[in-house]
Amino acid sequence: MALEITDANFEEVVLNSDKPVLVDFWAAWCGPCRMLGPVVEQIAGEYEGKAVVGKLDVDANQQYASQFGVRNIPTVLVFQNGELVGRQVGVAQKSTYTDVLDKLLA
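Please read all numbers here as calculations on a predicted model, not as lab measurements.

## A word on the sheet that holds strand E4 (residues 75-80)
Then comes step 1: Taken in spatial order, the 5 strands make up an open sheet running E1-E3-E2-E4-E5, and their pairing is mixed. Since the sheet does not close on itself, it has two edges, and those belong to strand E1 (3-5) and strand E5 (83-89), each with one partner. Looking at each pair of strands side by side, their axes are set apart by 30° on average, direction ignored.
Then comes step 2: Strand direction decides the pairing type here: E1 and strand E3 (residues 52-57), joined by 3 bridges, are parallel. Among the inter-strand pairings, Glu 4 is bridged to a residue of E3, identified as Lys 55.
Then comes step 3: Of the strands in this sheet, strand E2 (21-26), E3 and E4 touch helix H2 (residues 31-46), which is tilted by about 155° from E3.

Put into structure tokens, the structure is as follows:
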């Protein structure tokens, strides 16, 4: 299951992780976000132990959404060693997200 990422735990969970981190910036009222949700959950299960996969509700947590320039949702950001290394705005195929993680894990 995808982790719940908040402004309070973002630094610890995302920026200080020794594994690649995929963060889905979403909101409950966003239709495309609800379409992407099950895909993110699948990825979380498949990459358990290899990568960190989480979701950040932009309505409740605006600090890091603002800091990383998230203007449209869903936006998926990928981090490695605390650095932003990937960005996908809008819903994409599952392989779009897993390909980025696979490259970082190779």
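## Details of H2
Then comes step 1: With 16 residues, H2 should reach 22 Å at 1.5 Å per residue; the first-to-last C-alpha distance of 24 Å fits that figure.
Then comes step 2: Most pronounced at Gly 37, the bend in H2 amounts to some 30°, and the proline Pro 38 follows within four residues.
Then comes step 3: Within H2 the residues assigned to the buried category are Cys 33, Leu 36, Gly 37, Val 39, Val 40, Ile 43 and Ala 44.
Then comes step 4: Lining the buried residues of H2 we find E2, E3, E4 and helix H4 (94-105).

## As for the state of the cysteines
Then comes step 1: The full count for this structure, using the stated rule, is 1 disulfide.
Then comes step 2: The disulfide partner of Cys 30 is Cys 33, and the gap between their sulfur atoms is 2.3 Å. Across the S-S bond linking Cys 30 and Cys 33, the dihedral sits near 80°, which makes this disulfide right-handed. Each of the two residues, Cys 30 as well as Cys 33, counts as buried.

## A short note on the pairing of E4
Then comes step 1: Counting buried residues in E4 gives 5 out of 6 residues, a clear majority hidden from the surface.
Then comes step 2: In terms of strand pairing, E2 meets E4 through 5 bridges, oriented antiparallel. Paired with Leu 22 across the bridge in E4 is Val 78.
Then comes step 3: Where E4 lies against E5, 6 bridges are found, and the strand directions are antiparallel. The residue of E5 that forms the bridge with Phe 79 is Leu 84.
Then comes step 4: The loop that links E4 with its antiparallel partner E5 comprises 2 residues; one of these, Asn 81, has a positive phi angle of about 55°.

Analysis parameters
- Residues numbered from 1 in each chain as written.
- Predicted model: local features only at pLDDT ≥ 70, side-chain atom pairs only at ≥ 80, totals over all residues.
- Heavy atoms only, no water.
- Pairing = 2+ DSSP bridges.
- Helix = DSSP H or I, 4+ residues; strand = E, 2+ residues; numbered from the N terminus.
- Axes fitted to C-alpha atoms, helices over the stretch in contact; angles between N-to-C directions.
- Contact = heavy atoms within 4.5 Å.
- Expected span 1.5 Å × (residues − 1).
- Bend = angle between axes of the 7 residues up to and from the residue.
- Buried < 20%, exposed > 50% of the residue type's maximum accessible area, 1.4 Å probe, protein only.
- Disulfide = S-S within 2.5 Å.

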